[in-house]
Amino acid sequence: MQTGRERERERERERERAPEQNQKQKKSVPVLPWMRSPIDVILIDECPLNLLPFLDPRLEVALQKMGITSLFPVQVGVWQETIGPGSFERDLCINSPTGSGKTLAYALPIVQMLSTRAVRCLRALVVLPTRDLALQVKEVFSAIAPAVGLSVGLAVGQSSIADEISELIKRPKLEAGICYDPEAPLLHLQSSVDILVATPGRLMDHINSTKGFTLEHLSYLVVDETDRLLREAYQSWLPTVLQLMRSSDGDLRSLFPHTSTFLPSTFGSLKTIRRSGVERGFKGKAYPRLVKMVLSATLTQDPSKLAQLDLHHPLLLTTGQRRYRLPERLESFQLICESKLKPLYLVALLQTFQGEKCIVFTSSVESTHRLCTLLNFFGNLQFKIKEYSGLQRQSIRSKALKAFRAGDIQVLVSSDAMTRGMDVEGVINVINYDIPAYIKTYIHRAGRTARAGQAGRCFTLLRKDEVKRFKKMLQKADHNSCLVYSVPSDSIELLRSVYTSALEKLKESVESESYKKHKIKLKSSRMVKRKELNNSKV
Ligand SMILES: Nc1ncnc2c1ncn2[C@@H]1O[C@H](COP(=O)(O)OP(=O)(O)OP(=O)(O)O)[C@@H](O)[C@H]1O
């Protein structure tokens, strides 16, 4: 991350920019009053672990094992509002640039808080939009939680539902000759995990049908990549979770109106009693309530969307005065070329990277597939290329990601499946083969590089008629320094003949693939017909 002097300079730049910025932002003042007085993370310094107040020494050791010696500013900011004087009193909305360390910002305080728990039950739920992202976040929790005796589970549909259930729910074993009644097992089912990282679909599967799976003890809910998760309803996962929380509060309060502690084994199972309090902002609400933390590099300001989260006395942590912000050490470039020559420019550009890791973004799953196939037909390239998109089976996609992480492949051609949150060490370059449609997409794509204070470059291939639109888009992030990058014309010329033959091969490959697809379709429709015929005979 930045040194103290760099941060001071950055603050100065912000102060200078402020009047001009305020002028520009007049039209886009956040509608919600609490968003107008945020905590500015720019004003917070990194903090060495040994100076971090109240940090559990076991967690300090675990962090050091991860190579972490100090907390990044957003992590310090969240720590202050959770373990520090803020004491989790308010729900937190965190709008912080890509790669600034948001995952640990929420993972560390949650793990520290749960480290003193007496009985294991599901107390923290982290929801992410994709399986690979959930796996990544689980890794972070798994690096610190076991140090304080906590267990972390994953619900993403990576394995069969039965395997997942056996990981998440503890069933009673035959003990001392006692046999439990299989007809009344709910009483004895317990969570095997304290923290669960989940995608909405699998979470709903467990809520709806896994015996013993309960959110009644939940104390922390994290909605990562909030704007993406709020955009899609995913079987109403959010209202369902919130409703379950509300009803468990209500039921328990009516059962135990004066109880203020955690009661183990009441009526045979664990009961978490949330007491009603008169603390500031808690009037009429259960306390301690379910604490929510929502995060994104492009957090929505839309009141109707944020209302879905039912936030309690929310506090915004943001970085600087701008709504959107790119990483400090990101350099942006534009490459202007004719549409039909784009693959040539792309290959010439990739050749200049000399094996550095690079992600190439396209506009759709189909073009990802086509472009990757075409690049592989160039032959004799000094780097390995693989595809990563929602068109592939999860296992194939995960394999490609694993190889990319390990450095066995250097270029990953991706649809927007890779755009958000993915953290791959050593990605120096990002290329927008197709111009992103929105500034938010640009921010998340570009944010796959220049992470954790490292340097990185983002190139965008543009047609002449796209230049103006692109410039306007970058202005929304106050990003005015996108230099023109040119590829030497002789390197383009050298590639022309091989490009022609690669295009021929691509054409053949597309034809053969569509023939195969047609055959499969035909076969399955014949099978359906045959089935219908058999059924009608019966
Ligand atoms: N305190 C720290 N010291 C060193 N490295 C850190 C620290 N905190 C996080 N990192 C590293 O920084 C990288 C980015 O972290 P993370 O993925 O949490 O970013 P993010 O803010 O969630 O980004 P995005 O918005 O893209 O999801 C990771 O590789 C992580 O290991």
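Every value quoted in this text rests on a predicted model; they were computed, and no experiment measured them. (Residues numbered from 1 in each chain as written. Predicted model: local features only at pLDDT ≥ 70, side-chain atom pairs only at ≥ 80, totals over all residues. Heavy atoms only, no water.)

Asks: Before we move on, could you go through the overall build of the protein chain and cite the residues and values that matter?
Replies: In terms of regular secondary structure, the protein chain is built from 16 helices and 23 strands. Here the protein chain holds 538 residues, and 51% of them are scored as buried. (Helix = DSSP H or I, 4+ residues; strand = E, 2+ residues; numbered from the N terminus. Buried < 20%, exposed > 50% of the residue type's maximum accessible area, 1.4 Å probe, protein only.)

Asks: Account for the sheet that holds strand β22 (residues 456-462), naming residues and giving values.
Replies: On the basis of which strands lie adjacent, the open sheet formed by seven strands has the order β19-β20-β18-β21-β22-β17-β23 and parallel pairing. The open sheet has two edge strands with one neighbour each: β19 (385-388) and β23 (482-484). Neighbour-to-neighbour, the strand axes of the sheet open up by a mean angle of 25°, direction not taken into account. Pairing of strand β17 (residues 330-336) with β23, which is carried by three bridges, proceeds in the parallel orientation. Following the sheet pairing, F333 is matched in β23 by L483. (Pairing = 2+ DSSP bridges. Axes fitted to C-alpha atoms, helices over the stretch in contact; angles between N-to-C directions.)

Asks: Tell me what's going on with the domain arrangement of the protein chain, and back it up with residues and numbers.
Replies: Domain annotation of the protein chain identifies domain 1 (33-172 + 188-248 + 284-318) and domain 2 (330-508). Taken over C-alpha atoms, the centre of domain 1 sits 32 Å from the centre of domain 2. On the domain 2 side, the residues contacting the 14 residues of domain 1 number 17 residues. Counting each side, the surface lost to burial between domain 1 and domain 2 is near 1,300 Å², with a carbon and sulfur contribution of 50%. One can count three salt bridges joining domain 1 with domain 2. The shortest N-O distance in the salt bridge between R420 and E225 comes to 2.8 Å. On the surface where domain 1 and domain 2 come into contact, there are nine residue pairs in polar contact (both at pLDDT 80 or more). (Domains from an automatic or database assignment. Contact = heavy atoms within 4.5 Å. Buried area = accessible area lost by both parts, 1.4 Å probe. Salt bridge = Lys/Arg side-chain N within 4 Å of Asp/Glu carboxyl O. Polar contact = N/O pair within 3.5 Å; in protein donor to acceptor, adjacent residues only side chain to side chain.)

Asks: Before we move on, could you go through the UniProt feature "domain: Helicase C-terminal" (unreviewed entry) in the protein chain and cite the residues and values that matter?
Replies: Summarizing the sequence annotation, UniProt attributes the feature "domain: Helicase C-terminal" (unreviewed entry) to residues 345-495 in the numbering used throughout. End-to-end, the C-alpha atoms of residues 345-495 are 9 Å apart, and along that stretch the chain is 38% helix and 19% strand. (UniProt positions renumbered as here; feature names shortened; annotations may be inferred.)

Asks: Pulling in residues and values, what's your account of the sheet that holds strand β16 (residues 315-318)?
Replies: Reading across from one edge, β1-β16-β4-β15-β10-β5-β9-β6 is the order of the eight strands in this open sheet, with parallel pairing throughout. Each edge of the open sheet is held by one strand with a lone partner, namely β1 (39-40) and β6 (152-155). As judged from the four bridges shared by strand β4 (residues 92-95) and strand β15 (residues 291-296), these two strands associate in the parallel manner. Paired with C93 across the two strands is V294, which belongs to β15. Against the sheet, helix α6 (residues 161-168) makes contact with β6 and β9 (195-198), and its axis sits at roughly 160° relative to β6, the strand it touches most.

Asks: Give a detailed account of the site of the ligand, specifying residues and quantitative values.
Replies: Near the ligand there are 18 residues, and of these S70, Q75, K102, T103 and D423 occur at the shortest range. In the model, an oxygen atom of the ligand is placed 3.1 Å from a nitrogen or oxygen of the G101 main chain. With respect to the ligand, the side chain of K102 contributes an N or O atom lying 2.7 Å from an oxygen atom. Surface burial for the ligand is 82%, taken as the share of its 640 Å² of free accessible area covered by protein chains. Class assignment of the residues belonging to the shell around the ligand gives a composition of five nonpolar, eight polar and five charged. In this structure, the shell around the ligand is formed jointly by two domains, domain 1 (33-172 + 188-248 + 284-318) and domain 2 (330-508), each of which donates at least three residues. (Near = heavy atom within 4 Å. Areas by Shrake-Rupley, 256 points an atom, 1.4 Å probe, with all protein chains shown as cover. Nonpolar A, V, L, I, M, F, W, Y, C, P; charged D, E, K, R; others polar.)

Asks: Explain the packing of aromatic side chains to me, using residue names and the numbers behind them.
Replies: Geometry of an aromatic ring pair is reported as the spacing of the ring centres plus the angle between the planes. With the rule as written, the count across this model stands at eight aromatic pairs. Both rings, one in F333 and one in Y485, keep their centres 5.5 Å apart while their planes meet at 70°; by these two values the pair is edge-to-face. Separated by 152 residues along the polypeptide, F333 in strand β17 and Y485 in the loop between β23 and α16 (489-537) bring together distant segments of the chain. The exposure class of Y485 is partly exposed, given its relative accessible area of 22%. An angle of 40° between the planes, with centres 5.5 Å apart, marks the rings of F353 and F459 as tilted. Of the two residues, F353 sits in the loop between α11 (342-352) and β18 (357-361) while F459 sits in strand β22, which places them 106 residues apart along the sequence. The two residues F353 and F459 agree in class, both being buried. Grouping aromatic residues by their ring pairs yields a cluster made of F333, F353, F459 and Y485. Across from the ring centre of Y433, 4.7 Å away, lies the NZ or CZ of K342, which sits over that ring. Note that K357 overlies the ring of F404, its terminal NZ or CZ placed 5.7 Å from the centroid. (Phe/Tyr/Trp six-rings, centres within 6.5 Å; stacked < 30°, edge-to-face > 60°. Lys NZ or Arg CZ within 6 Å of the ring centre and 35° of its normal.)

Asks: Before we move on, could you go through the environment of L344 and cite the residues and values that matter?
Replies: Locating L344 in the fold gives a position in helix α11. For the pair formed by L344 and L494, sequence separation is 150 residues and the distance between their alpha carbons is 9.6 Å. If sequence neighbours within four positions are ignored, L344 has contacts with F378, I492, L495, R496 and Y499.

Asks: Can you break down the confidence of the model for the protein chain residue by residue, with the values?
Replies: Averaged over every residue, the pLDDT of the protein chain is 86; the share at 70 or more is 83%. Confidence drops under a pLDDT of 50 for residues 18-27, and excluding neighbours within four residues, the segment shows nine contacts in the predicted structure. Throughout residues 250-271 the model reports pLDDT below 50, and contacts reaching past four residues in sequence, or to other chains, amount to 34 contacts. Confidence metrics for the complex model read pTM 0.86 and ipTM 0.99. (pLDDT = per-residue confidence, 0-100.)

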